[in-house]
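Spelled out from the first residue to the last, the chains are:
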Amino acid sequence: MTAVAADRILSAAQAFAVAQRLAADFASGAAERDRDRVLPYPEVDRLAASGLLAVTVPAAYGGADLPPSVVTEVTRILATADPNIAQIPHSHFVYVNLLRLAGTPQQQERYFGRVLDGGRIANAQSERGGATVAEIATTLRPVGDRFRVDGVKYYCTGSLFADLFAVLARLDDPEERSGLEPGEYIAYLPANTPGVQVVDDWNGLGQRTTGSGTVSFDEVLVDRDQVIPRSGAVRAPTGYGAFAQLLHAAIDTGIARGALSAATNFVRTQSRPWFEAGVANAVDDPLLIQRFGELSVAVTAAEATLSSAGWAVDAATRTDPSAANIAQASLAVATAKVLADRAANDVSAALFEVSGTRSAAADLNLHHFWRNARTHTLHDPVRWKYQHIGRALLHDAAPPLHGVI
């Protein structure tokens, strides 16, 4: 992909207005794109050109430096319309944040500039075959005064639309020739770098148009100034994981709201009342009214908790970045993630319960809400969110520093 000329967004109000305008346009074709797996190249170009992907670039480098809560709301707005498009820039924002936390001034100037110009970053992080997802086989080896990257990455969200890849690799330098500390590194490299191959092979039941393909790296050469130690973000209380998880919760919360809106519209316009209700219109069925009230509470609770978590991350990363505040922010995000997971899956399933048999017609593709919710919420298990929340309450234990809480 080639970066597009991007507008500059200067305020949160402007960011929200742009996101609402794009969401209104994206919503109209979301079900059809999902059904036919039409990849949203024009929509992603518009997203990049809007300036939304650069809103977290620090002011010192020409950006709006908007806080996590704003990016969260932008993500939620987009996800109500099309959660595929909302997920595509997730890793983009995460790896812009890693640059902020761990990049050198020279690296920040270089890559922030590319983002301001409309550049898009995709992750190349997850692997298969290890005992756990935390094991990284992709290597970063010194070759003269450069490094060589070798490995295969899966589920690389946004890879088909990317200008840059952020590649997670472990340093393989037994002779200590590089002068780098052992550990994990992120290599930022252009998508058209020789030795990089992107395969469009994502076949998940949901989030079908996220461009989450497989990316392989075969003797890919990178310069030292393309490499950043991950430890600067995840081996200290920085809020890196809280920010990343907050955006995941925003996507799920957006799915829940989108599903509730679709159900509301369907019942208002197409559903027939159950004969025992003794009413002429489905919207007057007292049991349906009750159920919609329950679903609305679930979605509104998820949205409110998401907003609260966003403010907690703002405070912990911008106002008072103490270890205690960072820990509390991670727990607030964990709580938001639990409620978002529950709302997304429950409401998208209840859509059919309240809408009736007509809603199950395959051509309507209303099941894309449930498929998207079920697929995206598999990203990391909420059962571990409960664990960290419970341990903090009972043992005063801070959540771990591994980047996913």
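Going by the structure above, here's the rest.
Our subject in this report is the structure included herewith. (Residues numbered from 1 in each chain as written. Predicted model: local features only at pLDDT ≥ 70, side-chain atom pairs only at ≥ 80, totals over all residues. Heavy atoms only, no water.)

1. Some points on the environment of Ala30
For Ala30, the location among the structural elements is in helix H2 (residues 30-36). Through-space distance from the C-alpha of Ala30 to that of Glu175 is 52 Å; in sequence the pair is 145 residues apart. Here Ala30 is in contact with Ala81 and Asp82, once residues within four sequence places are set aside. (Helix = DSSP H or I, 4+ residues; strand = E, 2+ residues; numbered from the N terminus. Contact = heavy atoms within 4.5 Å.)

2. What about the layout of surface pockets?
For the largest pocket, the calculated volume is near 1,400 Å³. The wall of the largest pocket is formed by 40 residues, among which Gln125, Ser126, Val133, His379 and Val404 lie closest to the centre. Split by residue class, the lining of the largest pocket holds 14 nonpolar, 19 polar and seven charged. In this model, the second largest pocket occupies a volume close to 410 Å³. Among the residues forming the lining of the second largest pocket, the class breakdown is nine nonpolar, eight polar and three charged. (1 Å grid on protein atoms, 1.4 Å probe; cavity = no way out; pocket = protein on both sides within 12 Å on 5 of 7 lines; lining within 4 Å. Points joined across faces, edges and corners; volume = space filled by probe spheres on them. Nonpolar A, V, L, I, M, F, W, Y, C, P; charged D, E, K, R; others polar.)

3. Overview of the pattern of salt bridges
Applying the stated criterion across every chain, the model contains 25 salt bridges. A salt bridge links Asp34 to Arg371; the shortest N-O distance between them is 2.4 Å. Of this pair, Asp34 sits in helix H2 while Arg371 sits in helix H12 (residues 368-376), and the two are 337 residues apart along the sequence. Judged by its relative accessible area of 1%, Asp34 falls in the buried class. The exposure class of Arg371 is buried, given its relative accessible area of 12%. It is possible to trace a salt-bridge network through shared partners that takes in Glu73, Arg76, Arg257 and Glu303. (Salt bridge = Lys/Arg side-chain N within 4 Å of Asp/Glu carboxyl O. Buried < 20%, exposed > 50% of the residue type's maximum accessible area, 1.4 Å probe, protein only.)

4. Examining the pairing of strand E4 (residues 164-171)
Here E4 lies mainly inside the structure; seven of its eight residues are buried. Two strands pair when backbone bridges link them, and strand E1 (residues 121-124) and E4 are joined in this way by four bridges, in the parallel orientation. Bridge assignment links Asn123 to a residue of E4, and that residue is Ala166. Here E4 pairs with strand E5 (residues 184-190) via seven bridges, running antiparallel. (Pairing = 2+ DSSP bridges.)

5. A short note on the packing of aromatic side chains
Overall, the coordinates contain seven aromatic pairs when judged by the stated rule. Residues Phe165 and Phe217 carry aromatic rings whose centres are separated by 6.4 Å and whose planes lie at 90° to one another, so their mutual orientation is edge-to-face. Separated by 52 residues along the polypeptide, Phe165 in strand E4 and Phe217 in strand E7 (residues 213-222) bring together distant segments of the chain. We classify Phe165 as buried; its relative accessible area is 0%. For Phe217, a relative accessible area of 3% corresponds to the buried category. Taken together, a centroid distance of 4.8 Å and an interplanar angle of 50° make the contact between Trp274 and Phe275 tilted. Its relative accessible area of 53% is what places Trp274 among the exposed residues. Through a chain of ring-to-ring contacts, the aromatic side chains of Tyr154, Tyr155 and Trp202 assemble into a single cluster. (Phe/Tyr/Trp six-rings, centres within 6.5 Å; stacked < 30°, edge-to-face > 60°.)

6. As for the packing of helix H10 (residues 286-319) against helix H11 (residues 323-355)
In contact at an axis separation of 8 Å, H10 and H11 are set at 155° when each is read in the N-to-C sense. For the element pair H10 / H11, the angle class is roughly antiparallel. The chirality of how H10 crosses H11 is left-handed. Partitioning the contact of H10 with H11 into residue classes produces 23 nonpolar, four polar and two charged. (Axes fitted to C-alpha atoms, helices over the stretch in contact; angles between N-to-C directions. Parallel < 35°, antiparallel > 145°, perpendicular 65-115°, else oblique. Left-handed = near helix turned anticlockwise from the far one by under 90°.)

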